[in-house]
Structures are given as structure tokens and as C-alpha cells.
Amino acid sequence: MTLLEVLQSTTAYFTKRKVESARLNAEHLLAHALGRKRIDLYLEFERELAEGELAPLRKLVRRRGQGEPLQHLLGTVEFCGRTFISDNRALIPRPETEELVELIIQSTIDQKPSTILDVGTGSGVIALSLAAKLPDAEVHAVDISDEALALARENAARLGLAERVEFGRSDLLAQVDGAFDCIVANLPYVAATDRATLSREVLHDPATAVFGGERGDEMIRALIVTAAPHLTRGGLLALEIGLGQANALSALLTEAKYRDISQRQDFAGVTRFLLARYG
Ligand SMILES: C[S@@+](CC[C@H](N)C(=O)[O-])C[C@H]1O[C@@H](n2cnc3c(N)ncnc32)[C@H](O)[C@@H]1O
């Protein structure tokens, strides 16, 4: 078969298996299996593929058709212009979280934060992207999962940022000392009762990274209440939140005496972020 025929038949198979963005997924996996850039496939459409090239592709295609996430099969994900390792030790970074990183950078432009803490760092994408973009900042990151922390440290080393971010294990802020100019968190926010509505792909993320409790926002609530004493005067709390959680969490921020509370939307128009200052 030619490369184009393989691409077309893989796309048709993915469509049948209800894989979203079937053609794009097929292109990514074919490029990965052939060791090419996706864009370069277009130059080789008429080339006959050898059996040796097809065998590794077939395995990947089968796994993707069974719902394994593309990022796990590729082994990497792009985030804020950098390539991070992505596997089942931590949540696959989502594109909207890049917007959270940008919001922090914009919010701190006048008052460059010198100390930042990322709570629930997962693969380390937020902490490492901020460390790369804010070279003067002192960045700390915690997670309750040792596996996630191992992945985050691998990402730090791979990106040459190991000296820039201090990773540690903590249940929210229980094992954290001191105060920070910015605390950022993309904590689990899916309600346990919503499990049945999740895609096959999301179910490959670790459960500790996805589910925030019966209602979904319990962990974020706990952070809002405990973060205040860990913020310097006027320090910024920046949160990624779930669909429909903004108003109740804004009310809690007000109750907990935060100020300058603002709700921000992601590119899809979902109110996805809360920013607030304390003191
Ligand atoms: C939604 S994932 C976000 C990962 C990463 N920050 C990102 O944006 O891609 C949430 C992370 O919070 C961590 N987590 C869950 N419960 C926690 C807790 N009680 N204390 C600290 N981290 C926790 C999970 O292990 C997971 O890595």
C-alpha cells in the first residue's frame, strides 16, 4: 500500500471506532511510526510502504482504536511551546491549561512574582513553563502522587530546568512551608458521579488527577481555604476549575476574604479560571 492508502484506511478505521479527529490522529501515528514530521508525510504520499514500516504502525493503530490516548502512544505532548513526556503516571496536559500559564504571566507583569508554587503539578507543565518564561522566579511544585513527581522531574531534566523547580510531595499544602507571591493549581475537579460520562481517553488519566470528590470542587475548596496563610501580601491565587463551578467558588473566595476576584474564560468560552489576591 502507498502511504496515502495507509493514511486513508487508518482514518476510516478510526472513524468506525469513534476516534475524534480521525485523520489527524492517523497522520500523527503514521508520522511517529515512520520517524517523520507530520507535514513531511505529504511529500511521500505515493511511496509504497514496506512491511517492516507497517508492523509497528498496526500496533499503535489498534491501541488508539481501543481508546488509548494519542499522547500516550506518541509519548510526548506540546505545551507552551515545549515538548513534555506524557504517560499514564500523570494527567495529559490540556491546551486550556496553557491559557492559565499566560494569565499568570499577564497578571504578574508589573509585580514579577519572585516565588511561585504549583499545587498538583502532575507532569510539571505549569511549573516548568513558568520557570522557563520567568527566569528570575523561584518555582516550587508539589503533588500527592510520587509517580507524577517522578515524571515531572524527568520533564525538568529533559528541558534543562531541573535546577529551576523544586519538586516535593505534599497533600495540598500540608507539607508546604512559607509564603508565595503566586499559588497556581489545576487540581482534579470532576465529580465522582460524572465518571460514566467521561471519554475512554480521559479514563486513561490517573483517577487521582481527575476526580475531585463527590461534587468535584472539594479539593479546590480546600485549597482556597488553606492557601491564604501561604500567600504573601497581595499574593495571587490562580485556579483552573470545572464547568459550572465558577460562581460557588467565587463566593467561597469572597467568604475567605480574597479580593480582586475575577472569572476568566478559556478559548472555548467556558469560565475555566479564577484569579484572586489575598491581603
Ligand atoms: C488535573 S491534574 C493537573 C496536572 C497538571 N498540573 C496539569 O495541569 O496538567 C491534578 C493533579 O493534582 C494532584 N493531586 C490530587 N490530589 C492532590 C492532593 N491532595 N494534593 C496534591 N496534589 C494532588 C494529582 O496527582 C494530579 O497530578
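These figures come from a predicted structure and were not determined experimentally.

Explain the layout of surface pockets to me, using residue names and the numbers behind them.
The computed volume of the second largest pocket comes to approximately 180 Å³. Listed by contribution, the elements that provide at least two residues to the lining of the second largest pocket are helix 1 (3–16) and helix 3 (51–65). Counted by class, the lining of the second largest pocket contains six nonpolar, two polar and one charged residues.

Give a detailed account of the site of the ligand, specifying residues and quantitative values.
The immediate surroundings of the ligand are formed by 19 residues, with G120, D143, D171, L172 and N186 found nearest. At 2.8 Å from a nitrogen atom of the ligand is found a main-chain nitrogen or oxygen belonging to G120. Here an oxygen atom of the ligand and a backbone polar atom of G122 are 3.5 Å apart. Its free accessible area being 600 Å², the ligand has 96% of it covered by the protein chains. Elements with a contribution of two residues or more to the shell around the ligand: helix 6 (125–133) and helix 8 (207–210).

Residues and numbers for helix 3, please.
Taking 1.5 Å per residue as the helical rise, helix 3 with its 15 residues ought to reach 21 Å, and the 21 Å between its terminal C-alpha atoms agrees with that figure. Restricting attention to buried positions, one finds in helix 3 the residues L54, L57, L60, V61, R64 and G65. Where the residues of helix 3 are buried, they touch helix 1, helix 2 (22–34) and helix 4 (70–74).

Help me get a handle on unusual backbone geometry, residues and values and all.
The backbone phi angle of K257 is positive, close to 75 degrees, even though this residue is not glycine. Inspection of the secondary structure puts K257 in the loop between helix 10 (246–255) and strand 10 (258–265). The exposure class assigned to K257 is exposed, which follows from its relative accessible area of 62%. Its identity as a non-glycine residue notwithstanding, D260 has a phi of 50 degrees, on the positive side. Note that D260 resides in strand 10.

I'd like a description of helix 6, backed by residues and values.
In terms of burial, helix 6 is largely enclosed, as seven of its nine residues are buried. Listed in full, the buried residues belonging to helix 6 are V125, I126, A127, L128, S129, L130 and A131.

Mind laying out the environment of R259, listing which residues take part and the relevant values?
Mapped onto the elements of the fold, R259 is located in strand 10. As a C-alpha pair, R259 and L236 span 23 residues in sequence and 9.7 Å in three-dimensional space. In contact with R259, not counting residues within four places along its chain, are G234, A276, R277 and G279. Here G279 takes part through its backbone oxygen, which lies 2.8 Å from a polar atom of the side chain of R259.

Account for the sheet that holds strand 6 (residues 180–185), naming residues and giving values.
The seven strands lie next to each other as 5-4-3-6-9-11-10, forming an open sheet whose pairing is mixed. Each having just a single partner strand, strand 5 (165–169) and strand 10 make up the two edges of the open sheet. When strand polarity is set aside, the average angle formed by the axes of neighbouring strands in this sheet is 15 degrees. Taken together, the six bridges between strand 10 and strand 11 (residues 271–278) define a ladder with antiparallel strand orientation. By the bridge assignment, R259 is partnered in strand 11 with R277. On top of the sheet, helix 6 reaches strand 3 (115–119), strand 4 (138–143), strand 5 and strand 6; it is set at about 160 degrees to strand 5, its chief contact. Its contacts with the sheet place helix 9 (residues 218–227) against strand 3, strand 6, strand 9 (231–240) and strand 10, and it is angled at close to 175 degrees to strand 9.

Mind laying out the pairing of strand 6, listing which residues take part and the relevant values?
Among the six residues of strand 6, five are classified as buried, and the element is accordingly described as predominantly covered. Pairing of strand 3 with strand 6 involves four bridges; the strand directions are parallel. Within the sheet, the bridge partner assigned to I116 lies in strand 6 and is C182. Where strand 6 meets strand 9, five bridges bridge the pair, whose relative direction is parallel. Residue pairing for strand 9: F180 is matched across the bridge by L231.

Residues and numbers for the side chain of S145, please.
With respect to the helices and strands, S145 occurs in the loop between strand 4 and helix 7 (146–158). Given the relative accessible area of 17%, S145 is considered buried.

The rules behind these values
Residues numbered from 1 in each chain as written. Predicted model: local features only at pLDDT ≥ 70, side-chain atom pairs only at ≥ 80, totals over all residues. Heavy atoms only, no water. 1 Å grid on protein atoms, 1.4 Å probe; cavity = no way out; pocket = protein on both sides within 12 Å on 5 of 7 lines; lining within 4 Å. Points joined across faces, edges and corners; volume = space filled by probe spheres on them. Helix = DSSP H or I, 4+ residues; strand = E, 2+ residues; numbered from the N terminus. Nonpolar A, V, L, I, M, F, W, Y, C, P; charged D, E, K, R; others polar. Near = heavy atom within 4 Å. Polar contact = N/O pair within 3.5 Å; in protein donor to acceptor, adjacent residues only side chain to side chain. Areas by Shrake-Rupley, 256 points an atom, 1.4 Å probe, with all protein chains shown as cover. Expected span 1.5 Å × (residues − 1). Buried < 20%, exposed > 50% of the residue type's maximum accessible area, 1.4 Å probe, protein only. Contact = heavy atoms within 4.5 Å. Pairing = 2+ DSSP bridges. Axes fitted to C-alpha atoms, helices over the stretch in contact; angles between N-to-C directions.

Any functional reading would require information beyond the geometric quantities listed.
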